[in-house]
Amino acid sequence: MTMRFDGRVAIVTGAGGGLGREHALALAKRGAKVVVNDLGGARDGSGGSATAAESVVAEIGAAGGEAMANAASVTDFAAVEAMVAAAVEKWGRVDILVNNAGVLRDKSFAKMELDDFRFVMDVHLMGAVHCTKAVWDIMREANYGRIVMTTSSSGLYGNFGQSNYGAAKMALVGLMQTLSIEGAKNDIRVNCLAPTAHTRMTEDLGARLPLDLLGPDTVSPGLLHLVSEDAPSRCILTAGAGGFERAYVTITQGIRAVGEDAPEQVAARFAEISDRTGEIVPEMGAAQGMIELTKAQQALG
């Protein structure tokens, strides 16, 4: 069956270029009406212009689709609320939110200014919070919503010089985990996408990557599934160069150590604690406590 989005309204942030542009074009091609949001600033977040968003809207229109441009900064909640209100006024609904807007201010932690750390957190994390909050009640009332947070391998696994970016990207996973639980009763499905793509955000990697294979268009098919009617929820989908994988946050079965020598037991048995045999993907945070209490009850008979 062909995946279609006829009648759906999508907001894509950071859609003036790169991944966001490809996401917006792909959604529009399959029938969605799209709000193309982009501040139009530099890679570090400075400056701003509606030109980039308007250019993508023109592309969508030329292909027979329908879209509107918006140049709000995702760090400005009032502007985000106005963007959502404009979409509802024009099209009557918001079904899909793709939190894609981002900036980079890379430096080693020793050299990084706290203002650069805060700004990256503000754009990636609070920007996604602002956009999600602005559409949350609309989706709850409609009993339908599809939201994607853009995470990164830098958050999931770390990357030198990106402590601010990595912290923000992993925070989005935690946000996704909780919102997917809270949104379930209203069919609001929340997922994360971890892309590998050649965009201006990754241009410094240069010759280290086969850039011809890493077009943003190779990632967007995964995004389309995550915002479709048959989308999963609580998924971390990794994507790049046409490859699609799934990342998990797991917990091992571990051990129980009590008594005066408990620290020594933890040290001596750390390999056993780290053994991934029987590891699970918890349904919610309380699973950790249940595992620990089960071991305690078994030990006490």
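One can find the structure itself at the top, above this paragraph.
A brief report on the enclosed structure follows. (Residues numbered from 1 in each chain as written. Predicted model: local features only at pLDDT ≥ 70, side-chain atom pairs only at ≥ 80, totals over all residues. Heavy atoms only, no water.)

Description of the sheet that holds strand β1 (residues 9-12)
Then, number 1: As summarised here, the arrangement of the eight strands in space is β3-β2-β1-β4-β5-β6-β7-β8, forming an open sheet in which the pairing is mixed. Where the open sheet ends on each side, the last strands, each with one partner, are β3 (67-70) and β8 (243-247). Neighbour to neighbour, the strand axes of the sheet diverge by 20° on average, direction disregarded.
Then, number 2: Sheet topology note: the strand β4 (residues 96-99)/strand β5 (residues 145-150) ladder contains four bridges and is parallel. Paired with Leu97 across the strands is Ile147, a residue of β5.
Then, number 3: Against the sheet, helix α2 (residues 51-62) contacts β2 (33-37) and β3, and its axis sits at roughly 175° relative to β3. (Pairing = 2+ DSSP bridges. Helix = DSSP H or I, 4+ residues; strand = E, 2+ residues; numbered from the N terminus. Axes fitted to C-alpha atoms, helices over the stretch in contact; angles between N-to-C directions. Contact = heavy atoms within 4.5 Å.)

Thoughts on helix α3 (residues 77-91)
Then, number 1: Across its 15 residues, α3 extends 21 Å between first and last C-alpha, which sits within 8% of the 21 Å expected from 1.5 Å per residue.
Then, number 2: Among all positions in α3, only Val80, Met83, Val84, Ala87 and Trp91 are buried. Angular distribution of buried residues about the axis of α3 spans 90°; they occupy a single face of the element. Projecting away from the buried face of α3 at angles above 90 degrees are the exposed residues Ala78 and Glu89.
Then, number 3: Buried residues in α3 make contact with β1, β2, β3 and α4 (114-142).
Then, number 4: Two residues or fewer past α3, Gly92 is found with a positive phi of approximately 85°. (Expected span 1.5 Å × (residues − 1). Buried < 20%, exposed > 50% of the residue type's maximum accessible area, 1.4 Å probe, protein only. Arc of directions from axis to C-beta.)

Examining the packing of aromatic side chains
Then, number 1: One pass over the structure, following the stated rule, counts one aromatic pair.
Then, number 2: We note Arg8 situated over the ring of Tyr144; from NZ or CZ to the ring centre the distance is 3.8 Å.
Then, number 3: Positioned above the aromatic ring of Tyr144, the side-chain terminus of Arg146 is 4.2 Å from the ring centre. (Phe/Tyr/Trp six-rings, centres within 6.5 Å; stacked < 30°, edge-to-face > 60°. Lys NZ or Arg CZ within 6 Å of the ring centre and 35° of its normal.)

Considering the environment of Thr150
Then, number 1: Considering the arrangement of structural elements, one finds Thr150 in strand β5.
Then, number 2: Accessibility expressed as a relative area gives 6% for Thr150, which makes it buried.
Then, number 3: Spatially, the C-alpha atom of Thr150 lies 18 Å from that of Gly183, the residues being 33 residues apart in sequence.
Then, number 4: Apart from the residues within four sequence positions on either side, Thr150 is in contact with Asn99, Asn100, Lys169, Leu172, Leu193 and Pro195.
Then, number 5: Within the structure, Thr150 has its side chain in polar contact with the backbone oxygen of Asn99 (distance 2.7 Å). (Polar contact = N/O pair within 3.5 Å; in protein donor to acceptor, adjacent residues only side chain to side chain.)

Description of the nonpolar core
Then, number 1: Ile11, Ile147, Met149 and Val190 are the most contacted members of the largest nonpolar core, which totals 39 residues.
Then, number 2: Secondary-structure elements contributing two or more residues to this core are β1, α3, α4, β5, α6 (163-183) and β6 (188-196).
Then, number 3: If you tally residues by element for this core, the top one is α4, at nine residues.
Then, number 4: Discounting residues that sit within four places of it in the chain, Ile147 has contacts with Leu97, Asn99, Thr132, Trp136, Met139, Ile188, Arg189, Val190 and Asn191.
Then, number 5: Of all hydrophobic cores here, the second largest spans 30 residues; its members include Ala32, Val57, Val219 and Cys235. (Core = buried A, V, L, I, M, F, W, Y, C linked by side-chain atoms within 4.5 Å.)

Any link to function would need more than the numbers given here.
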